[in-house]
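Okay, here's what each chain looks like letter by letter:
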Amino acid sequence: MGIMDSFSSPFETFISSLLSPHCYNELVMKQHFFDMGCNKMLLSKMLGYAILVGSLLVKFPQIVKIKWNKSGVGVSVFAETIMLAAIFGSMAYGYTSEFPLSAYGDSYFLFIQTILVILLVLYYQRKYLAVLVYLVLCSVVTVLMFQKLLPAQLVSMLAGLSLVLSLISRLWQSYCIYTEKSTGNLSAITMLMLFFGSIARIFTSIQETGDPTLIWTYILNTLANSLLIFQLGYYWSAPAPTSQQTKKIQ
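Residues numbered from 1 in each chain as written. Predicted model: local features only at pLDDT ≥ 70, side-chain atom pairs only at ≥ 80, totals over all residues. Heavy atoms only, no water.

Here's the deal with the packing of aromatic side chains
Alright, step 1. Counting across every chain of the model gives 11 aromatic pairs.
Alright, step 2. An angle of 20° between the planes, with centres 6.0 Å apart, marks the rings of F230 and Y234 as stacked. Taken together, the residues F230 and Y234, both in helix 11 (residues 212–234) and four residues apart, mark about one turn of the helix. Judged on exposure class, the residue F230 and its partner Y234 are both exposed. (Phe/Tyr/Trp six-rings, centres within 6.5 Å; stacked < 30°, edge-to-face > 60°. Helix = DSSP H or I, 4+ residues; strand = E, 2+ residues; numbered from the N terminus. Buried < 20%, exposed > 50% of the residue type's maximum accessible area, 1.4 Å probe, protein only.)

Thoughts on the nonpolar core
Alright, step 1. Among the nonpolar cores identified, the biggest contains 45 residues, and F88, F111 and M145 are the most heavily contacted of them.
Alright, step 2. Elements supplying a minimum of two residues to this core: helix 4 (60–69), helix 5 (77–96), helix 7 (106–124), helix 8 (128–146), helix 9 (152–180), helix 10 (188–208) and helix 11. (Core = buried A, V, L, I, M, F, W, Y, C linked by side-chain atoms within 4.5 Å.)

Things to note about helix 8
Alright, step 1. The end-to-end C-alpha distance of helix 8, which contains 19 residues, comes to 28 Å, matching closely the 27 Å that a straight helix rising 1.5 Å per residue would cover.
Alright, step 2. Those residues of helix 8 not exposed but buried are V131, Y134, C138, T142 and M145. Looking down the long axis of helix 8, one finds its buried residues gathered within 70° of arc, a one-sided arrangement. More than 90 degrees from the buried face of helix 8, the exposed residues found are L129, L132, L137 and V143.
Alright, step 3. Buried residues along helix 8 sit against helix 5 and helix 7.
Alright, step 4. Downstream of helix 8 by one or two residues, K148 has phi in the positive range, about 55°. (Expected span 1.5 Å × (residues − 1). Arc of directions from axis to C-beta. Contact = heavy atoms within 4.5 Å.)

Quick look at the structure:
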């Protein structure tokens, strides 16, 4: 009995952190397992934290691939920079709006990893000054965000623009792939993780925030990511373009 109590106590604590007091009472105490509203809340919370954990490594395969090949050929710095701005918009909006961490927390990890991708691509292109500029600018805007020194109007504008920026970023990367007839060093694993993560994010945003800005951000990301996945399959066996060819487009 003591073993069961020691097991159930942490489990109940974990479940209670995922549910509202009403849903905890319905699902755990009264064991009304068919309460659809509470089941949706539980699923949304679990998906949100699963994405949060997964986002720790979502761009790691891309980082490893660039590092392994010592080249960022096929990865558009322009597209990644636009995506970085979109991620920052969602991150700043979620932080200043005080949304639940499970609703937008993955943007923190995506922000850091996207910066690393850009820095690696620039480093292997030997654009060392650009590397320094990126580091300084990203550090400054991040500090301003956490200190809540960014104007509320600017944060709202960035969040609104993240819809457009996310779409432009993915479409520009898609255009680069189409022009080069190759995916270069783009990571298929990263693209797939981003695709499934954006699908799950549509559900969690609807359930936890109901905010149309966040919801449409993830809908557009899902559509654009699906196009990139199609291209990854279509151009899978194509040779990687040369760095000179890539520079003409990026």
